[in-house]
Amino acid sequence: MDITDLRKEIDAVDAQLAALLTERMDISKRIAVWKKENGRPALDTRREREKLAALTSAAREDMAQPLRVVYSLLFELSRAEQNTLLQPESQQLQMIRKAIAETPQLFPERAHVACQGVEGAYSTAACEKLFRAPEITYLKSFEGVFSAISSGLCDYGVLPIENSTAGSVKQVYDLLIANNCYIVRAARIKINHALLACPGATVDSIREIYSHEQALSQCQSHLEQLPNAMLHACSNTAAAAQMVAEMGRTDVAALASYHCAELYGLRCLIPDMQDNDNNHTRFICIAPRPEIYPGTNKTTLMLTVPHRPGALYKVLARLYCLGLNVQKLESRPIPNRDFEFLFYFDIESSIYSTDFERMISELEEVCEEVHYLGSYLEIV
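Every value quoted in this text rests on a predicted model; they were computed, and no experiment measured them.

Peer 1: I keep staring at the side chain of R332 and nothing clicks. Help me out?
Peer 2: As for its position among the elements, R332 is in strand β13 (residues 325–333). The exposure class of R332 is buried, given its relative accessible area of 13%. One polar contact links R332 to D174, side chain to side chain, over a distance of 3.1 Å.

This is how it looks when you write it as structure tokens:
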């Protein structure tokens, strides 16, 4: 017997399995109809536990664990199919449909936008990439940006959410949920840090360097070449440049964009200070209510799952079965709950697909909490 004969045997078994799987799913739908008529939920934990125990105890020893994995996934598929018939449409799905219907066809070219920092910050470049003619109001803190759009002072806020080397800006994620705000668009900005100082300064004269803590960490290798300079973290790279210009001293410098040199009358001592030239920051545009524009292809969610084995697997299994691509998955510890975590997901999907609608409905069944943070287009 050669490989061709063995593959024919596999094909024959697969044909039987496919037919039996289809028959099983059809029976599962009939069970859902019975459960609906009799007021029963889709999940029957005792039945699933007894079924898994019976299958694994009767299996050959080396097949017990593979059968458990396969049937666990099969139960997830069956339950998801039953929930489409049993569960009422989720409020979040209703909210998404309402946003799609009420959002204009074109993203606004002009808007009053809130940003953290001062003129020359990287958020300025993000605003100009997102809007053709933004009117920008600068706030001292991220909280101030959220307050400005929640109060109606500004239409939108633009904030950093993730850097390719330093990781996520966790405070912004927390504020999104705390303020019930939504991501409506995103942009990726190339980050180039330069060492800027007042006219007359030289590299050897610098004794203090100011910048945002992430910028300092992104330039660590270059900064090690300046061992006599003390590093100071401040709220924003552009704010550091403004402060250095106001000091007027030749022994201080700032790490900021080259644009800040022109803006604040500084000179560039060293360009391209960042250790990694492939250094980008993702900025999000936020609004007080969901806005879903044509071309949207990414959705951000925050999920919490039960603290038991396999809980995250069930979420990933649902996404896999629906053919949805997870672009980002990040965990965060939940405050005041020992060793329990919440998860941030970026999911690639058209919001018009039935798979997207099923995802929103099904995740609510397997998660303790589902926070929809927005569907949007990211400009690269």
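Moving on, there is more to tell.
Peer 1: Mind showing me how you'd approach the sheet that holds strand β15 (residues 369–376) here?
Peer 2: Strand pairing in a sheet takes place through backbone hydrogen bonds and is either antiparallel or parallel in direction. Read from one edge of the open sheet, four strands run β13-β14-β12-β15, paired in antiparallel fashion. In this open sheet, the two strands that pair with only one neighbour each are β13 and β15. Taking the axes of each pair of neighbouring strands and ignoring which way they run, one obtains an average angle of 15° across the sheet. Summarising the sheet, strand β12 (residues 298–304) and β15 pair through seven bridges and their orientation is antiparallel. Residue T300 lies in a different strand from β15, and its bridge partner there is G374. Packed on one face of the sheet, helix α13 (residues 354–366) meets β12, β14 (341–348) and β15 and runs near 10° to β12.

Peer 1: For this particular structure, what's the right way to read the sheet that holds strand β6 (residues 194–197)?
Peer 2: Strands sit in the order β8-β7-β9-β6-β10 across an open sheet of five strands; the sheet is mixed. The sheet terminates laterally at β8 (230–234) and β10 (267–270), the two strands that pair on one side only. For this sheet, the mean inter-axis angle between neighbouring strands, taken without regard to orientation, is 35°. One ladder, built from four bridges, connects β6 with strand β9 (residues 252–256); its direction is antiparallel. Across the sheet, L196 pairs through a bridge with A254, a residue of β9. Contacts from helix α10 (residues 237–247) reach β6, β7 (208–212), β8 and β9, with the element oriented near 155° to β9.

Peer 1: What is the right way to read a nonpolar patch on the surface from this model?
Peer 2: Taken together, the side chains of M1, I3 and L6 present a nonpolar region at the surface, about 340 Å² in accessible area. By secondary structure assignment, the location of L6 is in helix α1 (residues 3–37). Note on L6: relative accessible area 39%, which makes it partly exposed.

Peer 1: Any chance you could explain the environment of K29 here in plain terms?
Peer 2: Looking at the element boundaries, K29 is found in helix α1. What K29 contacts, discounting residues up to four positions off in sequence, is E81 and L85.

Peer 1: Before we go on, may I ask you to explain the side chain of T56 in this structure?
Peer 2: On the secondary structure map, T56 appears in helix α2 (residues 45–58). A distance of 2.8 Å separates a polar atom in the side chain of T56 from the backbone oxygen of L52. A polar contact of 3.2 Å, which involves the side chain of T56, links it to the backbone oxygen of A53. Residues in contact with T56, not counting those within four places in the same chain, are A64 and R68.

Thresholds applied
- Residues numbered from 1 in each chain as written.
- Predicted model: local features only at pLDDT ≥ 70, side-chain atom pairs only at ≥ 80, totals over all residues.
- Heavy atoms only, no water.
- Helix = DSSP H or I, 4+ residues; strand = E, 2+ residues; numbered from the N terminus.
- Buried < 20%, exposed > 50% of the residue type's maximum accessible area, 1.4 Å probe, protein only.
- Polar contact = N/O pair within 3.5 Å; in protein donor to acceptor, adjacent residues only side chain to side chain.
- Pairing = 2+ DSSP bridges.
- Axes fitted to C-alpha atoms, helices over the stretch in contact; angles between N-to-C directions.
- Contact = heavy atoms within 4.5 Å.
- Patch = residues over 30% accessible without salt bridge, like charges linked within 9 Å, V, L, I, M, F, W, Y side chains within 5 Å.
- Areas by Shrake-Rupley, 256 points an atom, 1.4 Å probe, with all protein chains shown as cover.
- Salt bridge = Lys/Arg side-chain N within 4 Å of Asp/Glu carboxyl O.

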